[in-house]
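Chain residues, written in single-letter form:
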2 protein chains.
Amino acid sequence: MVKVRRNKVEQPPEVCPLGECMSLISGAWSPHVIWYLRDGPRRFSELRGDIKGVSAKVLTARLRQLERDGVVIRREVDSSPPTVEYSLSELGAELRPAIAAIVDVGHRLKQRR
Amino acid sequence: MVKVRRNKVEQPPEVCPLGECMSLISGAWSPHVIWYLRDGPRRFSELRGDIKGVSAKVLTARLRQLERDGVVIRREVDSSPPTVEYSLSELGAELRPAIAAIVDVGHRLKQRR
DNA sequence: CCGAGCGGTTACCTGCAGGTAACCCGAATA
DNA sequence: TATTCGGGTTACCTGCAGGTAACCGCTCGG
């Protein structure tokens, strides 16, 4: 019967950063968007095809939010027919390694299942 | 007036891994739990103190889910008074770099704001 | 004996992310 | 002329994560 450790919290590491960043990639689909934009711009309907199971409404909502947060950039292309091109901003590019790390764990998860 | 690119989706990268892993760390508080367990076991009320703003109910729920998913390990310690110790499983440890990457981006986010 | 701390549980309520389905305009194609 | 495609918008509905508050049994310290 050992006495309970009543240890102090060492260095409360001020982890607001976690919430800060999580708010950018929270929402079921945001990480997918960032992931599929990792190698360059993509059009709306390309993303719809890439990300299986997402509806137009939700994809629009996520893209708008990511745009407001400064993660992706929306560019209307004056082509025929007019199209819209989404790409990662500088900030969005910084998120790539984080998403990549998550994908990496996901891979190993599948491997062992 | 340029014709629209009708490019094919190159290498549909089979990104179920993303959803796979996101399901482990989704929920506002799961990443925090993993983060605060990164350096070793912690007791329930230590975690409550670490993670500012989380209620007992929600913390319990997240811990139970993470336990079911095999991410954390719950251990009742026969001390006096009895306490409960949570730690990362091997799988949980694999999530550390992903969380660290997110925290890292969060830091740079705060820096520039 | 009283109160506090530990590790929760239970009941109740709320918001909002997400799903479905229908509809929109303009340009290009058949 | 009618249909398709691109890029959405709108209305409506649902589930569940999360918040609040009260309560619980046990043990320890004063």
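Preceding this paragraph is the structure being described.
Residues numbered from 1 in each chain as written. Chains lettered and ligands numbered in written order. Predicted model: local features only at pLDDT ≥ 70, side-chain atom pairs only at ≥ 80, totals over all residues. Heavy atoms only, no water.

Attention shifts here to the packing of aromatic side chains. Per the counting criterion, the structure on display carries 0 aromatic pairs over all chains. Against the face of Trp35(A) rests Arg38(A), its NZ or CZ located 4.0 Å from the ring centre. (Phe/Tyr/Trp six-rings, centres within 6.5 Å; stacked < 30°, edge-to-face > 60°. Lys NZ or Arg CZ within 6 Å of the ring centre and 35° of its normal.)

Take the protein's contact with DNA strand C next. Around DNA strand C sit 20 residues, and of these Ala28(A), Lys57(A), Ser80(A), Ser45(B) and Arg74(B) come closest. A share of 70% of the atoms of DNA strand C within 4 Å of the protein falls on sugar and phosphate groups. Within the side chain of Arg64(B), a nitrogen or oxygen atom sits 3.2 Å from a phosphate oxygen of DNA strand C. The contact in question runs from a phosphate oxygen of DNA strand C to an N or O atom on the backbone of Val84(B), over 3.0 Å. Listed by contribution, the elements that provide at least two residues to the surface near DNA strand C are helix H4 (56-68) of chain A together with helix H3 (44-50), helix H4 (56-68) and strand S5 (83-88) of chain B. Looking at the surface near DNA strand C, the element that brings in the most residues is H4(B), giving 4 residues. Partitioned by chemical class, the residues of the surface near DNA strand C number 7 nonpolar, 6 polar and 7 charged. (Near = heavy atom within 4 Å. Polar contact = N/O pair within 3.5 Å; in protein donor to acceptor, adjacent residues only side chain to side chain. Helix = DSSP H or I, 4+ residues; strand = E, 2+ residues; numbered from the N terminus. Nonpolar A, V, L, I, M, F, W, Y, C, P; charged D, E, K, R; others polar.)

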